[in-house]
Amino acid sequence: MRQNSTDWQFWKRALFAIGILISMGILPLTADRSVSQIFANERTKQGDLLFQKAKEFLEDRNHYRSVESCKSFLLLYPSHPKTREVRKVLSSNYRMTGDILALAENELKIYKEFPNTEEGLESYLISGKAFVRMGREDKAYQIFQDIIKNTYSSKIAQEAELELTQMEILGESKNK
């Protein structure tokens, strides 16, 4: 009987020590980490499937369904690695349906999420062009000036200068 009491005390102390090591982070719970990794992998796969659906709807010219798939993706998987590509598909849908305001807003979101990339700067330029098409020259002018002054990409800065020149030419022809 005495032996059982000693064994129980040993196991009680061992479990207590393991609990302390786990709480200090010295002994990680690998089961929890593997479960969370499995969930992360599944979320990525589900996001990939939804993105694939959005692309297929775009190819089939079912723009409404493609837009809905893209919006669902952006709500459900905000930190997914393919977020930029989904936004580009969304912009393609808006361009095809003629929703210029939505196109401009989406391209501005791409720029805000990826301001230091070539694609982000290109999106900023596209949003400026969309504002010109909507007749909001003041907003477009601000965007083009910002690109010219603050961009490291000479190609995009040249395109912005060209857009400003065209705006000035059109503005002069309207005044005549």
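See the structure printed just above.
Rules and cut-offs
- Residues numbered from 1 in each chain as written.
- Predicted model: local features only at pLDDT ≥ 70, side-chain atom pairs only at ≥ 80, totals over all residues.
- Heavy atoms only, no water.
- Patch = residues over 30% accessible without salt bridge, like charges linked within 9 Å, V, L, I, M, F, W, Y side chains within 5 Å.
- Areas by Shrake-Rupley, 256 points an atom, 1.4 Å probe, with all protein chains shown as cover.
- Salt bridge = Lys/Arg side-chain N within 4 Å of Asp/Glu carboxyl O.
- Helix = DSSP H or I, 4+ residues; strand = E, 2+ residues; numbered from the N terminus.
- Polar contact = N/O pair within 3.5 Å; in protein donor to acceptor, adjacent residues only side chain to side chain.
- Expected span 1.5 Å × (residues − 1).
- Buried < 20%, exposed > 50% of the residue type's maximum accessible area, 1.4 Å probe, protein only.
- Arc of directions from axis to C-beta.
- Axes fitted to C-alpha atoms, helices over the stretch in contact; angles between N-to-C directions.
- Parallel < 35°, antiparallel > 145°, perpendicular 65-115°, else oblique.
- Left-handed = near helix turned anticlockwise from the far one by under 90°.
- Contact = heavy atoms within 4.5 Å.
- Nonpolar A, V, L, I, M, F, W, Y, C, P; charged D, E, K, R; others polar.
- Core = buried A, V, L, I, M, F, W, Y, C linked by side-chain atoms within 4.5 Å.

Caption draft 1: View of a nonpolar patch on the surface. On the surface, Trp-8, Phe-10 and Trp-11 cluster together into a nonpolar patch covering about 420 Å² of accessible area. Among the structural elements, Trp-11 can be located in helix H1 (residues 2–23).

Caption draft 2: Looking closely at the environment of Thr-165. In this structure, Thr-165 sits in helix H8 (residues 154–175). Here the side chain of Thr-165 touches Glu-161 through a polar contact of 2.9 Å, landing on its backbone oxygen.

Caption draft 3: Highlighting helix H7 (residues 137–150). The end-to-end C-alpha separation of H7 is 20 Å, in line with the 20 Å expected for 14 residues at 1.5 Å each. Considered for burial, the residues of H7 that qualify are Ala-140, Ile-143, Phe-144 and Ile-147. Taken around the axis of H7, the buried residues stretch over an arc of 95°, which confines them to a single face. Of the exposed residues in H7, those oriented more than 90 degrees away from the buried face are Asp-138, Gln-142, Lys-149 and Asn-150.

Caption draft 4: Just the packing of helix H5 (residues 100–113) against helix H6 (residues 118–134), in detail. Axis separation between H5 and H6 bottoms out at 8 Å; the angle between their running directions is 155°. Accordingly, the angle class assigned to the pair H5 and H6 is roughly antiparallel. The handedness of the crossing between H5 and H6 is left-handed. Residues Ile-100, Leu-101, Leu-103, Ala-104, Glu-107, Leu-108, Ile-110 and Tyr-111 of H5 form the contact with H6, whose participating residues are Gly-120, Leu-121, Ser-123, Tyr-124, Ile-126, Ser-127, Ala-130, Phe-131, Arg-133 and Met-134. Residues of the contact of H5 with H6, tallied by class, amount to 13 nonpolar, 3 polar and 2 charged.

Caption draft 5: Inspection of the nonpolar core at higher detail. Membership of the largest hydrophobic core comes to 31 residues, with the highest contact counts inside it found for Phe-73, Phe-144 and Ile-147. At the level of elements, helix H2 (30–59), helix H3 (63–76), helix H4 (83–97), H5, H6, H7 and H8 are the ones that each hand at least two residues to this core. With 6 residues, the top contributor of residues to this core is H5. When sequence neighbours within four positions are dropped, the list of residues in contact with Phe-144 reads Leu-125, Gly-128, Lys-129, Val-132, Ala-160, Glu-163, Leu-164 and Met-167.

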